[in-house]
Every structure is written in C-alpha cells, then in structure tokens.
Amino acid sequence: MPGTRFQSGDMVMGRWPGSSLFYEVKVLSYDAKIQLYTVVYKDGTELELREADMKNPTGFKPSRRSRSRSPSRRRSRSRSPARTTRRSSSRTFATETPAARKEPKMKEVLEIRLSPVVRNTCHTHCWDLEWLFVFECFSAASCHVLDRECEGGMVLVCKLLCQSNSTRMHIKTDRLPYGSSHSVSFPPVFAGVSCMMLFLPVAVLGLMVVCSQEDASLMSPPPLPALDSLLDPHVFGMVVLWFLFQALLYVLPVGKVVEGIPLKNGEWLKYRMNTLHAFVLTVAALGAAVHQGVDLGYIHSHFLQLAVSSLLFSVLLSVYLYVRSRWAPQDQLAPGGNSGSVIYDFFMGSELNPRIKGFDLKYFCELRPGLMGWLVINAAMALAEMKLHNLDYPSPAMILVNCFHLFYVLDAYWHEAVLGYMDTTHAGFGFMLVFGDLMWVPFTFSLQSYYLVYHPSHLSLPWIVGIVTLNVIGFSIFRKANSQKNAFRRNPSDPTLSHLKTIPTATGKSLLVSGLWGLVRHPNYLGDLIMALAWSLPCGFTHILPYFYVIYLTTLLVHREARDEAQCRRKYGSAWDDYCREVRYRIIPRVY
Ligand SMILES: NC(=O)C1=CN([C@@H]2O[C@H](COP(=O)(O)OP(=O)(O)OC[C@H]3O[C@@H](n4cnc5c(N)ncnc54)[C@H](OP(=O)(O)O)[C@@H]3O)[C@@H](O)[C@H]2O)C=CC1
Ligand SMILES: CC(C)=CCC[C@@H](C)[C@H]1CC=C2C3=C(CC[C@@]21C)[C@@]1(C)CC[C@H](O)C(C)(C)[C@@H]1CC3
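Residues numbered from 1 in each chain as written. Chains lettered and ligands numbered in written order. Predicted model: local features only at pLDDT ≥ 70, side-chain atom pairs only at ≥ 80, totals over all residues. Heavy atoms only, no water.

Under an unreviewed UniProt entry, the chain has the name Delta(14)-sterol reductase LBR and belongs to Oncorhynchus kisutch.

Okay, the overall build of the chain next. Check the secondary structure of the chain and you find 19 helices and 15 strands. In the chain, which comprises 592 residues, the share counted as buried stands at 54%. Within the chain, counting contacts between residues at least 6 apart in sequence, those at least 24 apart form 69% of the total. (Helix = DSSP H or I, 4+ residues; strand = E, 2+ residues; numbered from the N terminus. Buried < 20%, exposed > 50% of the residue type's maximum accessible area, 1.4 Å probe, protein only. Contact = heavy atoms within 4.5 Å.)

Right, let's talk about the pairing of strand E3 (residues 36-41) for a bit. Among the 6 residues that make up E3, 6 are buried, leaving the element largely enclosed by the rest of the structure. The side-chain alternation of E3 yields two buried faces, one formed by Leu36, Thr38 and Val40 and the other by Tyr37, Val39 and Tyr41. Inspection of the sheet shows E3 paired to strand E4 (residues 46-49) by 4 bridges, in the antiparallel sense. Bridge pairing in E4 places valine 40 opposite glutamate 46. (Pairing = 2+ DSSP bridges.)

Further remarks concern the environment of glutamine 292. Checked against the element boundaries, glutamine 292 lands in the loop between helix H5 (275-291) and helix H6 (297-301). In the structure, glutamine 292 is positioned 86 residues away from glycine 206 in sequence and 34 Å away in space, judged by C-alpha atoms.

Turning our eyes to something else, we now look at the nonpolar core. Considering soluble globular proteins, one finds that nonpolar side chains tend to be buried as a cluster. If you look at the biggest cluster of nonpolar residues, it comprises 126 residues, and the most contacted ones within it are Met208 and Phe443. Residue-level mapping places this core at the junction of two domains, with at least three residues from each of domain 2 (119-458) and domain 3 (460-592). For phenylalanine 443, the contacting residues outside a window of four places in its chain are Val204, Met208, Phe303, Leu306, Ala307, Ser310, Ile377 and Leu438. Of all hydrophobic cores here, the second largest spans 12 residues; its members include Phe6, Val25, Leu49 and Met54. (Core = buried A, V, L, I, M, F, W, Y, C linked by side-chain atoms within 4.5 Å. Domains from an automatic or database assignment.)

What follows deals with the layout of surface pockets. Here the second largest pocket defines a volume of roughly 670 Å³. Forming the boundary of the second largest pocket are 25 residues, of which Met238, Trp242, Ile299, Leu306 and Val376 lie nearest the centre. Contributing elements (two or more residues each) for the lining of the second largest pocket: helix H4 (233-251), H5, H6, helix H7 (303-325), helix H10 (369-388) and helix H13 (431-444). If you tally residues by element for the lining of the second largest pocket, the top one is H4, at 6 residues. Across the lining of the second largest pocket, the residue classes tally to 21 nonpolar, 3 polar and 1 charged. (1 Å grid on protein atoms, 1.4 Å probe; cavity = no way out; pocket = protein on both sides within 12 Å on 5 of 7 lines; lining within 4 Å. Points joined across faces, edges and corners; volume = space filled by probe spheres on them. Nonpolar A, V, L, I, M, F, W, Y, C, P; charged D, E, K, R; others polar.)

Here we come to the site of ligand 2. Neighbouring ligand 2 are 15 residues, the closest being Tyr408, Ala412, Tyr421, Asp423 and Asp437. For ligand 2, whose free accessible area comes to 630 Å², the fraction covered by protein is 90%. Elements with a minimum of two residues in the shell around ligand 2: helix H11 (396-415), H13 and helix H18 (548-572). Here the shell around ligand 2 gets 6 residues from one element, more than from any other, and that element is H13. Here the residues of the shell around ligand 2 are counted per class, giving 10 nonpolar, 1 polar and 4 charged. When residues of the shell around ligand 2 are assigned to domains, at least three map to each of domain 2 (119-458) and domain 3 (460-592). (Near = heavy atom within 4 Å. Areas by Shrake-Rupley, 256 points an atom, 1.4 Å probe, with all protein chains shown as cover.)

Next up on the list: the site of ligand 1. Lining the immediate surroundings of ligand 1 are 28 residues, of which Arg489, Tyr525, Asp564, Lys571 and Tyr572 lie closest. Residue lysine 485 places a side-chain N or O atom 2.6 Å away from an oxygen atom belonging to ligand 1. Tyrosine 525 has a polar side-chain atom sitting 2.5 Å from an oxygen atom of ligand 1. Contact with the protein chains hides 91% of the accessible area of ligand 1, taken as 930 Å² for the molecule alone. For the shell around ligand 1, the secondary structure elements donating two or more residues are helix H15 (461-490), strand E15 (510-512), helix H17 (523-536), H18 and helix H19 (574-582). When residues in the shell around ligand 1 are grouped by element, the largest group, 10 residues, is from H18. Of the residues belonging to the shell around ligand 1, the class tally is 18 nonpolar, 3 polar and 7 charged. A domain split of the shell around ligand 1 shows at least three residues from each of domain 2 (119-458) and domain 3 (460-592). (Polar contact = N/O pair within 3.5 Å; in protein donor to acceptor, adjacent residues only side chain to side chain.)

All right, on to unusual backbone geometry then. Here the phi dihedral of lysine 357 falls at roughly 55°; this positive angle occurs in a residue that is not glycine. Residue placement: lysine 357 occurs in the loop between strand E12 (355-356) and strand E13 (359-360). The residue asparagine 390 is not glycine, and still its phi comes out positive at about 55°. Structurally, asparagine 390 is set in the loop between H10 and H11. Its relative accessible area of 73% is what places asparagine 390 among the exposed residues.

With the rule as written, the count across this model stands at 12 salt bridges. Residue aspartate 345 pairs with arginine 326 through a salt bridge whose shortest N-O separation is 3.5 Å. Placement of the pair is aspartate 345 in helix H8 (residues 342-348) and arginine 326 in the loop between H7 and H8, with a sequence separation of 19 residues. Residue classification places arginine 326 among the partly exposed positions, given a relative accessible area of 33%. In this structure, arginine 479 engages aspartate 411 in a salt bridge whose closest nitrogen and oxygen atoms are separated by 2.7 Å. (Salt bridge = Lys/Arg side-chain N within 4 Å of Asp/Glu carboxyl O.)

On the surface, Val315, Val319, Val323 and Trp327 cluster together into a nonpolar patch covering about 390 Å² of accessible area. Note that valine 323 resides in helix H7. Taking the relative accessible area as the measure of exposure, valine 323 reaches 40% and is therefore partly exposed. (Patch = residues over 30% accessible without salt bridge, like charges linked within 9 Å, V, L, I, M, F, W, Y side chains within 5 Å.)

Spelled out as structure tokens, the structure:
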C-alpha cells in the first residue's frame, strides 16, 4: 500500500466504532478510492476505518485507574477498562482516552449485538431473506445496514454504517462481536418447538396423574383420562373468572407506580406495584367465599380439569398475543422476536411487553394468576389432606411445604422482583411464557402438596429443624444475591455495597466480584436450588416425583446460566473472561 501510513499486516490500534476505546487490529487492505483501511479485530470483526481512527501502538500506555468510583471501593485492586481485553507484557491491546475514564462517560461505548434471524424459509435467493438486527446501544449511536454479501442464500457478511462517526463495518455472521449469532434454521426449530408445545402440557398432566396414584412411580404411569372428560366448561369459566379477578386487582389504583425498563425508543414503561395488596384482597375474597359455603375441595377434585382449562386459556391468550404482535411496531418487539416462522414466533412470542393501555400482560401473568393460583392450590391440598385422613390440622410435612411456598411467593411480591429479570427485559411473551406462568407454575410447583395428600410423610423434629434450616440458608443466599445485584445495578455507588470488589467493563457497567458474587457466578441460582431441595425433602424418599421441582429448576437454571454466560461474554468481552477467571465456578462452589 504505497503512500499510506499503515501497511497491510501492520498491527495497530483501531477505534471501536462509536466509542473512545482502541483495540489492537490487523490492517488487511486500503481502499484509496474511499480512503478507508479494512482492519480485523481480535474477535474476527472486520471494519473499515479512517486513518484518523487508527493509531500507532507505540503511542499507547496502559492507563491507571481505580476499579471503582467510591473511595472505599478504590481500596480494591485497580483495574482499568483496558482489562476488557487482555494485556501482554509488551503491549497494550486496548486502552482508553481520558474522556472515557469516568465511568458514566463510558456510556458512549457502543455495544453491538446482532441477532440475525432468517425470516423466510426460502434459502435460494439472498434478497428473500430479511434480517432482524438487534443493536444494543449505550449511546445514541446507531448503525444501518448498507449491504449484505450472500452465498447460497445465506448472508455471510453485513456491511453496516455507524451513524455516529460514519465508520463502516463488515461484520461476518460467524464472527459477530464475541462470536455470537443466533441464525434460526427452520426445519429443526419448527420440529423442536412443535414437540415442546405438545410434550410440555402432556408432561404436566402425566405428572399430575402419577401423583395421585398410590404407587407414584414414573415407571408405571397410568393412562391419561380421555380429553373430553377433562374439558369442563364450568371449570373453564372458573379459570377465566380467576384471571379476570386478578386483572381487576391489578388495575386497582393502589400501590406505587414505578419505572421499569427503557424501551428501544427510549420510552420508560411504568408498572403499578400492588401484588401484595392483590394477595391480601385475594385471601380476603377466598375467606369470604369459604364463609359463604364455597368448597375449596373443588380444586382438589377438579385438579386435572383445572389444568386442562388453564392450558386452553394459555393457548387462546397466546393466539391473541401472536395476532396482535403482527401489528406491533418494530421497536416493541423482543430481540429476535419476528423470525417469520409462525410456529416459532407463536412459541417464543414476538412482543417484548404487550400492553392493553397500561395493562402489562407479561408482568401481570408472571406474578399474579399463576403464582397466586399455586398458593391457593396448596391451601386446597392441605384441606383435602385433612379431609381424606380425618385430621384436625394438616400434617407437619404439608405445613412445611405450604409455608415454604408461601414465603417464596410473598418474597417475590415484596420485592415485585421480575422487572429486572431476563424474561422481562429480553424474552418475547408467547406460548412458552404464557403456558409457563399459567399452567406450569401453578400445576407443577404444587405437585409436592398434591403428592402429600395421597402419600403421608412422617417427619421427626430434628428432620423438621434440618429442613427449615436448609430453607433459611437457601433463602438467605437467594435474597441477598438478588438484592445486592439489583441494588448495584440501580446505584453502583450504593454505600452499602462499597465493601464489594468490582470489575469495570467497557459498557460502563461493572461486575460484582466479591461477597456472594465472588463465591460463584450465579449465587442467586444456588440459593434457589437449595430452597428447591428443602421443599422436596418433607415428602420423604419413597418416590422421585416430589423432587420433580428440583430437577426442573436445576435443568432450567443450568440452561439459563449458559444462555446468560453467552450474553454476558458478548456484552462484556474479556472483562467477563476476567470475572470467570476470578470466580471459577458457575453455580455450585467447587462442583459446577
Ligand atoms: N423458580 C423458578 O422457576 C425460577 C426462578 N428464577 C430465579 O429468578 C432470579 C433471576 O434470575 P435470572 O433473571 O435468570 O438471572 P439474574 O438475576 O442472575 O440475572 C443475570 C444478569 O445479572 C447480571 N450479572 C451477572 N453477573 C453479575 C455480577 N457479577 N455483577 C453484577 N451483575 C451481574 C447480568 O446482567 P447485566 O450485567 O446486564 O445487569 C446478567 O445478565 C434468580 O434468583 C433465579 O433463581 C429464574 C427462573 C425460574
Ligand atoms: C418449562 C417451561 C414452559 C418453562 C417456563 C419457565 C417459567 C415457568 C419460569 C421462567 C422464569 C420464571 C420465574 C419465576 C417463576 C417461573 C418462571 C416464570 C419467578 C416469578 C418465581 C418467583 C421468584 O421469586 C422470581 C420472581 C425470582 C421468579 C422469576 C423468574
């Protein structure tokens, strides 16, 4: 490349688009016509950079900077955001301009997350493929697609223009920043999603049927009753009534209104926090109904019918959600939420936070009809146990299970916890979550109390004390970890957290790296799993079925952890690798 400042093969420092961060790049070529260098970053991203955005590596010195802003946190080991990429003894792979040193300013860093989703099953012509690009920008910077290079109908490289500084980027789909792409290949997805939609409801019903057998063995499941005997219009009416009653409580003008997550268009969603009020009013209403002669035993005697009606209701609600999502504006869709496959979008959900006026369907379903229904079912099972075994009081095992579950749900209500969780902020609201909230949660989470109705379990006092202690330990870890993380995300300078060590990341957010978050990378999952075990133990060791919840939660959280890990690696780059090196275990110390 005669006459140019940098030659092909040179290792130089290149600015990451939209940010003030420089990373080591290799010069590939120079286009004299447009006066741009094509460079490749260490993670494989190819960009076209202007000469002004490239510097000689010798001019770079590692910056010294405290890891945290609060004076108390400054005591902890210093680490610059340069550590978001690795450093060698001889040179600095990334460094920052003084402007980026104050963490709030680091919001200027642009994080690009591309989720290409094929919208068309036709793989023959590349222009038949539409792509959905999800950009998570921490500044007003945005990019638009200039062009695509395709081969065999698949997009290989996307050419993007970063509007904030006119940088052009070529992003290879197999080399997205931090190596992630979720291109959807339809035939397997279609089959997988269809199987899950059939399998999950049948599994719930199967578990319920086995639970009511004397030999509650999964090895000898009895046949499912005929579907028409399970579909009862009266029961369906009760399910609809329950949903509407909870919806009515949700819209009551009590409880404070808080801001949740910002939408892609910068708007902040508002949520009314009145789950505890709703809980108290539900208990009062049920108390009044029982006083008026309503028999809660109906729930036990129509348990399967209730589950089937909830399933039907979930399907209808999901159809409504799918249909309305077709008209939803693009900026209200979940990442990857409009894949073009009916079945996939129906299952995963397209809209992120579907609302009817201010009524947030996802937030409502996550916390109310299902979780509250779970508690009511538990109470009904305690009554059924007393009736079946002629008891004055429920058994200690039943009391323990009821109390643990009640405590867990009240904790969720006290903290109105779901706003910052992955499902609220990232997942579309489709059949999976609707079914999860309205059928899976109430009818599988209550399996332990249902099991105890038919399988009495005698607990000695030391055993009771041991189980309660285990639950307290699990809950303390779960609560403390979630509260610390939430408080830290709300206010990173929170004085109550100033004793904790943190690692800064290039996005401007830091990661907690000591205390519970220094023990394992998901202490909140650990606490949840310990609690799950404590909930199963009162049922004894005769059958595996009461341990279904632990098995489900372990599977779900291990999968979630992997998904979150991939997301965090993409978001935080090698700062996340640093965190993983410092905190080696994911969920269980020294085991996993
Ligand atoms: N009972 C049940 O069926 C279920 C219960 N749960 C429970 O729900 C709760 C929430 O779970 P979930 O939403 O999956 O995940 P988390 O609440 O753990 O959220 C993960 C996010 O936390 C942030 N984070 C990760 N590590 C750190 C760190 N070291 N310091 C600061 N922030 C960090 C990252 O987001 P960012 O950096 O962007 O803020 C990451 O994406 C858990 O307690 C879980 O056990 C979950 C699923 C099912
Ligand atoms: C198999 C299948 C269809 C799974 C769907 C998953 C859902 C059942 C769960 C996904 C995340 C959940 C959370 C809770 C309940 C289960 C679902 C909906 C939660 C509301 C329970 C109470 C907790 O305190 C919580 C608020 C932390 C929790 C949030 C995640």
